[in-house]
Amino acid sequence: MNRFTNKTILVTGGSSGIGLATAKAFIAEGARVVITGRDATTLEQVKADLGPHAIALVNDAGNTADAKSLAAALAASDLRLDALFVNAGAAKFAAFPDVDEALWDQIFNTNIKGPYFQVQALLPLLNPGASIVINGSINARIGMPNTSVYAASKAAVISLARTLSAELLPRGVRVNVLSPGPVSTPIYGKLGLDAATLEATAAQIQNQIPLGRFGTPEEIAATVLHLSSPESAYIIGTEIIADGGMSQL
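Report on the accompanying structure. (Residues numbered from 1 in each chain as written. Predicted model: local features only at pLDDT ≥ 70, side-chain atom pairs only at ≥ 80, totals over all residues. Heavy atoms only, no water.)

1. Some details on the overall build of the protein
And then number 1: Scanning the protein for helices and strands turns up eight helices and seven strands.
And then number 2: A compact globule built from 249 residues would reach a C-alpha radius of gyration of about 18 Å, and the protein, at 17 Å, matches this within 12%.
And then number 3: Viewed in the frame of its principal axes, the protein has a C-alpha envelope of about 45 × 35 × 35 Å.
And then number 4: Counting all 249 residues of the protein, 48% fall into the buried class. (Helix = DSSP H or I, 4+ residues; strand = E, 2+ residues; numbered from the N terminus. Rg over C-alpha atoms; globule rule 2.2 N^0.38 Å. Buried < 20%, exposed > 50% of the residue type's maximum accessible area, 1.4 Å probe, protein only.)

The structure is reproduced here in structure tokens:
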């Protein structure tokens, strides 16, 4: 299919994991894709791999000044957006007594404050009929121990999608959330856990998934593309859960 021929898409956090898989899927269907990330070297490598239809811009998803500079860079290049995947995020887990203000600020700045002001800055660049998909998480719903800050930030994302949907509907812009369950991505190596704890945690989580495995970034990307395309025009302000049944069965 070529659902995104002559369309321009922005994928934040597009240099690895779900973001990279989604960027590849958009390009495969004819889109020009802008990806962002914090590491310039990694971005350039990924851009080269993605080919001529990719644009890479350094951007810190938790920095509101970067949100404005990203919008300015797109505007300066006469780029308008047909879809936005707000994917960049941070995940660190800690027991409630061990959470400090620095952890709180890092997670909330990256997962909700940055995305909030990023969408605000990009609003003038969104074409009528544009779709915004925000990456959520089933952690907002399942009460997993040691995830209090992360889960709260993702609950805020779900709420934001609903209120923005109502507010942006007159502009012809749809907003939805895709909440993945456990997916095999590099983010699991950034949880702040040692290797043994990480392995034990992954095994424990997998045992809770009725499908019996972690999801793949490509499976999540397929749903992002669906929510970004005209075929999902009747889906507004909702949350799609892709978790192998973990929060449902």
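2. A word on the side chain of Ser165
And then number 1: Of note, Ser165 is situated in helix 6 (residues 148–168).
And then number 2: The class for Ser165 is buried, based on a relative accessible area of 5%.
And then number 3: Dropping the residues within four chain positions of it, Ser165 is found in contact with Val175, Ile236 and Gly237. (Contact = heavy atoms within 4.5 Å.)

3. Examining unusual backbone geometry
And then number 1: Positive phi values are uncommon outside glycine, yet Asp78 reaches one of about 60°.
And then number 2: Within the secondary structure, Asp78 sits in the loop between helix 3 (64–76) and strand 4 (81–86).
And then number 3: One non-glycine residue, Asn146, lies in the positive phi region at around 75°.
And then number 4: Structurally, the position occupied by Asn146 is in the loop between helix 5 (139–142) and helix 6.

4. A short note on a negative patch on the surface
And then number 1: The grouping of Asp98, Asp100, Glu101 and Asp105 at the surface amounts to a negative patch.
And then number 2: Looking at the element boundaries, Asp100 is found in the loop between strand 4 and helix 4 (101–122). (Patch = residues over 30% accessible without salt bridge, like charges linked within 9 Å, V, L, I, M, F, W, Y side chains within 5 Å. Areas by Shrake-Rupley, 256 points an atom, 1.4 Å probe, with all protein chains shown as cover. Salt bridge = Lys/Arg side-chain N within 4 Å of Asp/Glu carboxyl O. Lys, Arg positive; Asp, Glu negative; His and termini not counted. Charge placed at Lys NZ, Arg CZ, Asp CG, Glu CD.)

Treat this as a map of the structure, not an account of what it does.
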